[in-house]
Amino acid sequence: MINAANTPSLADLIRRPLVTEKATLLLENNQYVFEVDPRANKLQIKAAIEELFDVKVVAVNTYNPPRKKRRMGRFVGHRPHYKRSVVTLAAGNSIPLFPDL
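Chemist: I'd love a proper account of the environment of Lys42, names of residues and values included.
Modeler: One can find Lys42 in helix H3 (residues 42-53). Given a relative accessible area of 43%, Lys42 falls into the partly exposed group. When residues no more than four places from it in sequence are discounted, the contact partners of Lys42 are Val60, Asn61 and Thr62.

Chemist: Break down the nonpolar core for me, citing the residues and quoting the values.
Modeler: Ile14, Phe34, Ile45, Ile49, Val87, Leu89 and Ile95 are the most contacted members of the largest nonpolar core, which has 15 residues in total. Listed by contribution, the elements that provide at least two residues to this core are strand S2 (31-36), H3, strand S3 (57-63) and strand S6 (83-89). In this view, Leu89 contacts Asn30, Tyr32, Val55, Lys56, Val57, Val58, Ser94 and Ile95; residues no more than four positions away in its chain are not counted.

Chemist: A description of the pattern of salt bridges should follow, citing residues and the corresponding values.
Modeler: What the rule picks out here adds up to three salt bridges. Glu35 is the partner of Arg16 in a salt bridge, and the nearest nitrogen-oxygen pair spans 2.9 Å. Of this pair, Arg16 sits in strand S1 (residues 14-17) while Glu35 is found in strand S2, placing the two residues 19 residues apart along the sequence. What makes Arg16 partly exposed here is its relative accessible area of 45%. Put simply, Arg39 and Asp37 hold a salt bridge, and the shortest N to O gap is 2.9 Å. For Arg39, a relative accessible area of 63% corresponds to the exposed category. Taken together, the salt bridges that share partners define one network made up of Arg15, Arg16 and Glu35.

The rules behind the values
- Residues numbered from 1 in each chain as written.
- Predicted model: local features only at pLDDT ≥ 70, side-chain atom pairs only at ≥ 80, totals over all residues.
- Heavy atoms only, no water.
- Helix = DSSP H or I, 4+ residues; strand = E, 2+ residues; numbered from the N terminus.
- Buried < 20%, exposed > 50% of the residue type's maximum accessible area, 1.4 Å probe, protein only.
- Contact = heavy atoms within 4.5 Å.
- Core = buried A, V, L, I, M, F, W, Y, C linked by side-chain atoms within 4.5 Å.
- Salt bridge = Lys/Arg side-chain N within 4 Å of Asp/Glu carboxyl O.

Here it is, written out as structure tokens:
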């Protein structure tokens, strides 16, 4: 049974857009990269992007990298867990990542 109090809303699934060199190159193919909640699946990501930006999503690819260890002296920990999503939009749709300055 799914508890409605623990399920995040669609707006909470998308954390932030990622602007890296690779992500900038993907913009030419109408693909956008976002950091998303690690518990989100592809259908939820598609619904969230379509609702938030009012665009038509063709495909969603996700990447869930392994956790990396970090040390502070003798204490061992891990970097925060994250999940990346590459969203392909239909032709003619776009997301304004950089509003006019």
